[in-house]
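Chain by chain, the residues:
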Amino acid sequence: MTVAQEKYHHGRSPAGWASSVIAILGSIVGTVGFFMDINWTVVFVGFALLILAPIVGGTLLKDGRTCTVAQVEQAGRTLVVKRYNLKNAFHFLERCWRPSRAWHSWREGHRLLFFGLATPRPLALIEERIGPLRRRAFLVNAFCPGLSLLQCLDADQAPPDEVAREIVSVFATLHRLRISHGDLKATNLLWHEGRLVVIDLDAVVQHRSARSYERAWRRDRARLLRNWPESSALYRWLDNSLPALANQALAAIKKEAFHLPWVSPRYRSRAARCAC
């Protein structure tokens, strides 16, 4: 038995109508609060309703305790709205005095674009505040329709040449700039139009010191490799192609030093002691 899927004209689905009603209500509440001798509580309620409207009218992608993500259509464009939630009062006290996670993702998105790396373009940043104290925050990004590496790569073989070259290039650039991701799951790497697109930039950091970057890259590298079995061909290819850890590179250099004809026996014995 085939069930016909009901289709709606753009913006005329039940969710779309609900979104429109919430947006109108938010505008009315905000306007009333502004003319009531600027009652900021009422103004903020209206503002929150305006922000909620596109989320209600969109497709919910994630509904977690720390963040809510929705895909929305606005003026013919597909956008992703990410709301950073506060779990409880203690979480509020921990976050209120620091830059919001939305601000951090906004900054790192522009950083990656500046260095020529592909990531959805940040379009808007909104923060709810009580004076200088931050509450919830919202980030609006362009939508990327690509497939994750987990979906488009076969664990039983190495990536196609085009994908392989892009993976090597992106990670070489990140390694050179000392940029770590912080949550390098395969689902946070999308393949779209010949580019490897990096998403979910909440924990991205550009490190000042090589030591801190080495620790972060060790975790990133291990997290990415955990997406596939160690015995798989793709795991082995990634392990050989991703930038090596500092201690692995140093061990390789010392190993090569034993086979150089001009290396003195004294240095060889010293390198052997260091390698132990």
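See above for the structure.
Note that the structure is predicted; figures quoted are calculated from it, not measured. Along each chain, numbering runs from 1 in the same order as the chain's sequence is written. Local features in a predicted model are, by the rule used here, given only for residues with pLDDT of at least 70; side-chain atom pairs are given and counted only at 80 or more, and totals for whole chains, interfaces and linings are based on all residues. Think of the side-chain values as coming from all heavy atoms in the structure, minus any hydrogens and water.

### Describing helix 7 (residues 210-225)
Alright, step 1. For helix 7, with 16 residues, the first-to-last C-alpha span of 22 Å sits near the 22 Å given by 1.5 Å per residue.
Alright, step 2. Within helix 7, the full set of buried residues consists of Ser212, Tyr213, Glu214, Ala216, Trp217, Asp220, Arg221, Leu224 and Leu225. A run of H or I in DSSP counts as a helix once it spans at least four residues, and a run of E counts as a strand once it spans at least two, with each numbered from the N terminus. Here the expected span of a helix is defined as 1.5 Å times the quantity of residues minus one. Only protein chains enter the accessibility calculation, which uses a 1.4 Å probe; a residue is then buried when its area is under 20% of its type maximum, exposed when over 50%, and partly exposed in between.

### Regarding the sheet that holds strand 8 (residues 189-192)
Sheets are built from strands that pair by backbone hydrogen bonding, the pairs being arranged parallel or antiparallel.
Alright, step 1. Only when DSSP finds a minimum of two bridges between them are two strands counted as paired. With antiparallel pairing, 3 strands are arranged side by side in an open sheet as 6-8-9. Every other strand in the sheet has two partners, leaving strand 6 (147-148) and strand 9 (195-198) as the edge strands with one partner each.
Alright, step 2. Of the pairings in the sheet, the one linking strand 8 to strand 9 comprises 4 bridges and is antiparallel in character. Residue Leu189 lies in a different strand from strand 9, and its bridge partner there is Val198.

### What to know about the sheet that holds strand 4 (residues 122-130)
Alright, step 1. Reading across the sheet, the 5 strands line up as 1-2-3-5-4 and stay open at both edges, with antiparallel pairing between neighbours. Edge positions in the open sheet fall to strand 1 (59-63) and strand 4, since each of these has one partner strand only. Here the strands of the sheet are splayed against their neighbours by 20° on average, with no regard to which way each runs.
Alright, step 2. As paired strands, strand 3 (residues 77-84) and strand 5 (residues 133-142) are joined by 6 bridges and run antiparallel to one another. Residue Val81 lies in a different strand from strand 5, and its bridge partner there is Val140. To obtain each axis, a line is fitted to C-alpha atoms, and for helices this fit is confined to the stretch in contact; angles are then taken between N-to-C directions over 0 to 180 degrees.

### A short note on unusual backbone geometry
For residues other than glycine, phi is negative in most cases, and the peptide bonds are mostly trans.
Alright, step 1. Phi at Glu193 is positive, roughly 55°, even though this residue is not glycine.
Alright, step 2. Within the secondary structure, Glu193 sits in the loop between strand 8 and strand 9.
Alright, step 3. Non-glycine residue Asp200 carries a positive phi angle of around 60°.
Alright, step 4. If you trace the backbone, Asp200 turns up in the loop between strand 9 and strand 10 (205-206).

### Structural notes on the side chain of Ser105
Alright, step 1. Looking at where Ser105 falls in the secondary structure, it is placed in helix 4 (residues 101-114).
Alright, step 2. On the accessibility criterion, Ser105 (4% relative accessible area) is buried.
Alright, step 3. Throughout, a contact is declared for two residues whenever any of their heavy atoms are within 4.5 Å. Ignoring anything within four residues of it in the chain, the contact list for Ser105 reads Tyr84, Leu139, Leu201 and Asp202.

### Examining the pattern of salt bridges
Alright, step 1. Any Lys or Arg side-chain nitrogen found within 4 Å of a carboxyl oxygen on Asp or Glu counts as a salt bridge. Tallying each qualifying case throughout the model produces 9 salt bridges.
Alright, step 2. The salt bridge partner of Asp200 is Lys82, with a shortest N-O separation of 3.3 Å. Of this pair, Asp200 sits in the loop between strand 9 and strand 10 while Lys82 sits in strand 3, placing them 118 residues apart in sequence.
Alright, step 3. Here Lys82 falls in the buried class, since its relative accessible area comes to 13%.
Alright, step 4. For Arg111, the salt bridge identified is with Glu108, shortest N-O distance 2.8 Å. Highlighted residues: Arg111 and Glu108, both in helix 4, separated by 3 residues, approximately one helical turn.
Alright, step 5. Assessed through its relative accessible area of 1%, Glu108 is described here as buried.
Alright, step 6. Residues joined in a network through salt bridges with shared partners are Lys82, Asp200 and Asp202.

### Some remarks on the environment of Ser232
Alright, step 1. Tracing the chain through its elements places Ser232 in the loop between helix 7 and helix 8 (233-241).
Alright, step 2. In the structure, Ser232 is positioned 75 residues away from Gln157 in sequence and 7.6 Å away in space, judged by C-alpha atoms.
Alright, step 3. Any pair of N or O atoms that falls within 3.5 Å is considered a polar contact. Within protein, one atom must be able to donate a hydrogen and the other to accept it, and sequence-neighbouring residues count only if both atoms are side-chain atoms. Of the polar contacts made by the side chain of Ser232, one reaches the backbone nitrogen of Tyr235; its length is 3.2 Å.

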